[in-house]
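Notes for the structure review
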There are 2 protein chains.
Amino acid sequence: MRQVFVAGVGSTSFGEHHDSSITELAVDAVNAAISDARVDRDRTGALYLGNFVGGQLTGQEVLAGLVADGARLPSIPSTKVEGACASGGIAFRHAWLNVAAGICDVAIAVGVEKMSHATTSKVTEALNCAMDMERDGTSGLSFPGLFGLAYRMYESKYGDIRNKVSSVVVKNKHNGLSNPLAQMGAAVSAMDVEDSMLIADPLRLYDCCPISDGAAAAVLVSEECIAEHSHRSGYQPLVEVLGSVQTRGAPFISGHSSLCSFQATVEATRQIYEMTGIGPQDLDFVELHDCFSIAEVLDSEDIGVCPRGRGADWAHEGRTGIDGEIPINPSGGLLAKGHPVGATGLGQIYEAICQLRGNHPNQIKDAATGLTHNLGGTGVACTVNLLRRADA
Amino acid sequence: MRQVFVAGVGSTSFGEHHDSSITELAVDAVNAAISDARVDRDRTGALYLGNFVGGQLTGQEVLAGLVADGARLPSIPSTKVEGACASGGIAFRHAWLNVAAGICDVAIAVGVEKMSHATTSKVTEALNCAMDMERDGTSGLSFPGLFGLAYRMYESKYGDIRNKVSSVVVKNKHNGLSNPLAQMGAAVSAMDVEDSMLIADPLRLYDCCPISDGAAAAVLVSEECIAEHSHRSGYQPLVEVLGSVQTRGAPFISGHSSLCSFQATVEATRQIYEMTGIGPQDLDFVELHDCFSIAEVLDSEDIGVCPRGRGADWAHEGRTGIDGEIPINPSGGLLAKGHPVGATGLGQIYEAICQLRGNHPNQIKDAATGLTHNLGGTGVACTVNLLRRADA
């Protein structure tokens, strides 16, 4: 496998985009990433687009072809990939795979979702397609319900965690305040979280990520391509993709031995640490899939950056803050930045690249190595990526 | 790139499957392909699933994970790909890419769709997501309407073709009669075609493929894997994938300079002929994307097996029949076999493999080299594959 670099990234803000179509959002992100990368459009050999509910909420499929056309790319393979909330991460991994395997020298990954125009019940119905209709469909559970169960199971194992879990929200909402792309940054207290509207007991409004529109994109290139372009002035610092892993977990609730851990995450990080020789202790920051406050707790343990059963404690003790031992979601995460589902995995890449280039609004000092983690459905699909500043 | 072989194929019948879920259909096809290939499930390194409207018509996404789980595959990357009617072909190409690039030694591609339970208006609405909602959505055109326009343009260029186009239908319906997997094989006359119900002028009922349920799958393996398994008795004759190409065409109607040709097909076949050194004159048969009778005419010219403007004539003169110069759709094609959208590209692979193994119900004598062609949307996505009997 060849070395792969992220030469450029682009992103719309996450939030409500009533004046842009789903195609336009994605094209905007791709164009921004291409400008940032300063590569010729004609060099592009593949485009992958992550999207989850575009068909249901906007009536638009074949998005990969539409976006490749809109971005004036050549007649290249243009493929939509779907793995629920991990769709964006899967798009990134496939662009990486194409360059790493030598299929092409330049590949683009883009993720997009447009949801805010639809009614909440329609959005909930669409998102629930990420469950197994046959085995879990009749339970009446939506995703807040599922993560509410995970919260309860974690609580039964480790005792009362309400106040500690609120610390996750307080941290991420605070981080989001400085992120110009974030939808829901806010200065909130633990009490604000705990007093917010009950959504699916015990999860409250601030425990849940919002409904978002948005798109993010990345341009991945080979070393050969880098060599050609390195003379260009103003070229951004390079970031290498040390590894990109995609795994599958149980697609239904009873397939998990415990709701306190997602096997797809555990397996994906095991593989990427083995592949790269980098361990959780070597990471300078993590952007992980905090679709709910409790999800950040579980993910941080599954990834291995917090000890098992201590994820909520670490958040509460400030160890996952921007100046902590292992900053988690300095972008604000899904809770504050927003969760335009198919875009999220690439939004994380965008944030990680900004960190590794040293120009993030919530910059981690000397950030050289970061991990992104994107999880879909009931833990059915997971992607993780290890990114490192090329001069580190 | 490494050599890639199709070690096994499996398929459900195409038609109405009221007693099977979309997941079950796909799992059945995968299990059949694995049995046929006689590979260990644990050797599988990737699964790609082609599906188009599963979310909208069955409320089920994350199908790749569900099917990998149902087929008891390991925790491998399991990815749904979508490119409208070309989704199955895109899945096949990605499985091929994984093995060709050395990512894994065994990859599975499966395509599936379940549509027959939904109302015709709901199906039409879902299929129309393959158009560009912004540019063509307000035209009121559905796909029969679009191909009706293509028919009219072809007619204005080459004169009255009604009777010749009917020959496409008569041939494919006849071929379908002997295919046990076909939904709509029938002995029909040109008069039957021309007297059938008007759908979108000038297209009549028999000019249009039916609404179908079904799934088909293929197991692709490397040479190394073949070497390990070749001692197994009863192992099926090998078929090599000489090339697999995916292209992008215009995603909206006015993006085409003429509706009598799809640029994505022209470009895909140009690439695959160049890649393999095999030309249209070397093909023993073609399975192509005859979603409508006129589509077979256009495709046969775009692929280069019939001279431009002569596709309808060739069908009428019997040159594309099973015993003709270039048999087209000996399976019955989409018109007679059916068109479970996401499954179609893999259904074509299934049919081609049977031909190349010499055990097709409509066997082409000494078939050694075949091409499959799968086209999506308004020509926005195309995949073509060149398959050859390994001992040829």
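First, a word on scope: everything that follows refers to the structure included in this document. (Residues numbered from 1 in each chain as written. Chains lettered and ligands numbered in written order. Predicted model: local features only at pLDDT ≥ 70, side-chain atom pairs only at ≥ 80, totals over all residues. Heavy atoms only, no water.)

In this section: helix α1 (residues 22–37) of chain B. Residues and elements named next belong to chain B. The first and last C-alpha atoms of α1 sit 23 Å apart over 16 residues, in line with the 22 Å expected at 1.5 Å per residue. All of the buried residues along α1 are Ile-22, Thr-23, Leu-25, Ala-26, Val-27, Ala-29, Val-30, Ala-33, Ile-34, Asp-36 and Ala-37. At the C-terminal side of α1, Arg-38 shows a positive phi close to 55°. (Helix = DSSP H or I, 4+ residues; strand = E, 2+ residues; numbered from the N terminus. Expected span 1.5 Å × (residues − 1). Buried < 20%, exposed > 50% of the residue type's maximum accessible area, 1.4 Å probe, protein only.)

To continue, consider the pattern of salt bridges. Applying the stated criterion across every chain yields a total of 48 salt bridges over all chains. Here Arg43(A) and Asp105(A) are joined by a salt bridge, their closest N and O atoms 3.5 Å apart. Residue Arg43(A) is located in the loop between α1 (22–37) and β2 (44–50), and its partner Asp105(A) is located in the loop between α4 (87–100) and β4 (106–113); the two are separated by 62 residues in the primary sequence. Residue Arg43(A) is classed as partly exposed on the basis of its relative accessible area, which comes to 25%. Residue classification places Asp105(A) among the partly exposed positions, given a relative accessible area of 24%. The residue Asp132(B) makes a salt bridge to Arg135(B) at a minimum N-O spacing of 2.6 Å. Judged by its relative accessible area of 1%, Asp132(B) falls in the buried class. Classification of Arg135(B) as partly exposed rests on a relative accessible area of 42%. (Salt bridge = Lys/Arg side-chain N within 4 Å of Asp/Glu carboxyl O.)

Take the layout of surface pockets next. Unfilled space is identified by rolling a water-sized probe across the atoms. Residue and element names in this part refer to chain B. Reported here for the largest pocket is a volume of approximately 760 Å³. Lining of the largest pocket is provided by 35 residues; of these, Pro-144, Cys-208, Cys-209, Pro-210 and Ile-211 occupy positions nearest its centre. Elements that contribute at least two residues to the lining of the largest pocket include exactly α5 (120–127), α6 (143–158) and β5 (198–200). In terms of residue count, the dominant contributor to the lining of the largest pocket is α5 (four residues). (1 Å grid on protein atoms, 1.4 Å probe; cavity = no way out; pocket = protein on both sides within 12 Å on 5 of 7 lines; lining within 4 Å. Points joined across faces, edges and corners; volume = space filled by probe spheres on them.)

Turning to the packing of aromatic side chains, a few remarks are in order. All names here are of chain B. The tally for this structure, following the rule as stated, stands at six aromatic pairs over all chains. Consider the rings of Phe-147 and Phe-262, whose centres lie 5.9 Å apart with planes at 45°: the pair is tilted. Of the two residues, Phe-147 is situated in helix α6 and Phe-262 in the loop between β8 (239–248) and α10 (263–276); the sequence distance between them amounts to 115 residues. Ring centres of Tyr-154 and Tyr-158 lie 4.6 Å apart, and the angle between their planes is 50°; on these two criteria the pair is classed as tilted. Remark: Tyr-158 and Tyr-154 occur in helix α6; sequence separation between them is four residues, near one turn of the helix. Owing to a relative accessible area of 31%, Tyr-158 belongs among the partly exposed residues under this scheme. (Phe/Tyr/Trp six-rings, centres within 6.5 Å; stacked < 30°, edge-to-face > 60°.)

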